[in-house]
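# Fold and contact review
Listed here are the chains, written in short residue letters.
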Amino acid sequence: MTRIVSFLLISLLALAACTDTSGTTALGADGRPLPTVYKIRGNPEKLQYRMLDSVNALRQSSGLQPVQLNAQLNAAAATHSKDMSRQNRPWHFGSDGSSPLDRAQRVGYYGTFLGEAISETYETETETLAAWMQEPGPRSVIMDPKATQMGFSWHQEGGGKIWWTLEMGTGG
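It should be emphasised that the depicted structure is a prediction, and the values quoted were computed from it without experimental measurement. (Residues numbered from 1 in each chain as written. Predicted model: local features only at pLDDT ≥ 70, side-chain atom pairs only at ≥ 80, totals over all residues. Heavy atoms only, no water.)

### Here we look at the pairing of strand β3 (residues 149–156)
Put simply, the test is: Relative accessibility under 20% of the residue-type maximum defines a buried residue, over 50% an exposed one, and the middle range a partly exposed one, all with a 1.4 Å probe and only protein chains included. Secondary structure elements follow DSSP: runs of H or I of four or more residues count as helices, runs of E of two or more count as strands, with numbering from the N terminus. A pair of strands is treated as paired once DSSP finds two or more bridges between them.
Of all eight residues in β3, seven are buried, a share of seventy percent or more. Both strand β1 (residues 68–69) and β3 contribute to a ladder of two bridges, which runs parallel. Within β3, the position partnered with L69 by the bridge is M150. Relative to strand β4 (residues 162–169), β3 runs antiparallel, the two sharing eight bridges. Among the inter-strand pairings, H155 is bridged to a residue of β4, identified as W163. In this structure, the hairpin formed by β3 and β4 is closed by a connection of five residues, where G160 is found at a positive phi of approximately 110°.

Okay, structure coming up:
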């Protein structure tokens, strides 16, 4: 009998150790839970290739040709992600008034620039891509049948907010 009581007591203590005692989930002004911060770690090229693979899977499922990463478009995307963070707003124009086409040309991209998708979020790259695919503008950029090249980058602030930029173009 002592063994059974001891076993039950140990089991209850083990279960109690698994219980979340940190309190309730923090809520935003809208009453919804605040987002969990997705921290980007490791090799940035891996993240770019994961996004490339995801974009190409979507394109292939629609019968479109795959795209390849382009170093100049990656550079234009990185520049814009950092600039959006400095401006603290997601929009397609740089703090100097530059357009997406201007930024692509500045980094030496001589192909045909097709479009840009941007986001300000705490979500992963795949969640961001899913959100872009729900919006007609970004979806049309990602699924442009003329696209052969892609640039993708981001900037993560210390607090966790991520500024994502995806660029699409044709070879040059």
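That shown, we press on.
### Concerning the pattern of salt bridges
The line we're drawing: For this analysis, a salt bridge means a side-chain nitrogen from Lys or Arg found within 4 Å of a carboxyl oxygen belonging to Asp or Glu.
Within this structure, the stated rule accounts for six salt bridges. Taking the shortest distance from any N to any O, the salt bridge between R106 and D96 comes out at 2.8 Å. On the criterion of sequence distance, the pair formed by R106 in helix α4 (residues 100–106) and D96 in the loop between α3 (71–87) and α4 is long-range, its members being ten residues apart.

### Quick word on the side chain of H80
Applicable threshold: When checking whether two residues touch, look at their non-hydrogen atoms; a contact exists if any pair is within 4.5 Å.
On the secondary structure map, H80 appears in helix α3. Contact partners of H80, with chain neighbours within four places excluded, come to W91, H92, F93, G94, R103, E116, I118 and T165.

### Brief notes about the sheet that holds β1
Each strand in a sheet pairs with its neighbour through backbone hydrogen bonds, running either in the same direction (parallel) or in the opposite one (antiparallel). One open sheet holds the four strands; their spatial order is β1-β3-β4-β2, and the pairing between them is mixed. At either margin of the open sheet sits one strand with a lone partner, and together these are β1 and β2 (113–121). Two strands pair when backbone bridges link them, and β2 and β4 are joined in this way by eight bridges, in the antiparallel orientation. Across the sheet, the residue bridging to I118 is T165, located in β4.

### Some remarks on the environment of W154
Relative to the elements of secondary structure, W154 occurs in strand β3. For W154, a relative accessible area of 14% translates into the label buried. Expressed as a C-alpha distance, the spacing of W154 and K82, which sit 72 residues apart in the sequence, is 7.4 Å.

### A short note on the nonpolar core
The test is simple: Side-chain atoms within 4.5 Å link the members of a nonpolar core, which is a set of buried Ala, Val, Leu, Ile, Met, Phe, Trp, Tyr and Cys residues.
Core analysis: the biggest nonpolar cluster contains 21 residues, and V55, W132, M150, F152 and L166 have the highest contact counts within it. Mapped by element, the contributors of at least two residues to this core are α2 (44–61), α5 (125–134), α6 (136–142), β3 and β4. Setting aside chain neighbours within four positions, we find W132 in contact with M51, A117, I118, S119, P138, R139, I142, F152, W164 and L166.

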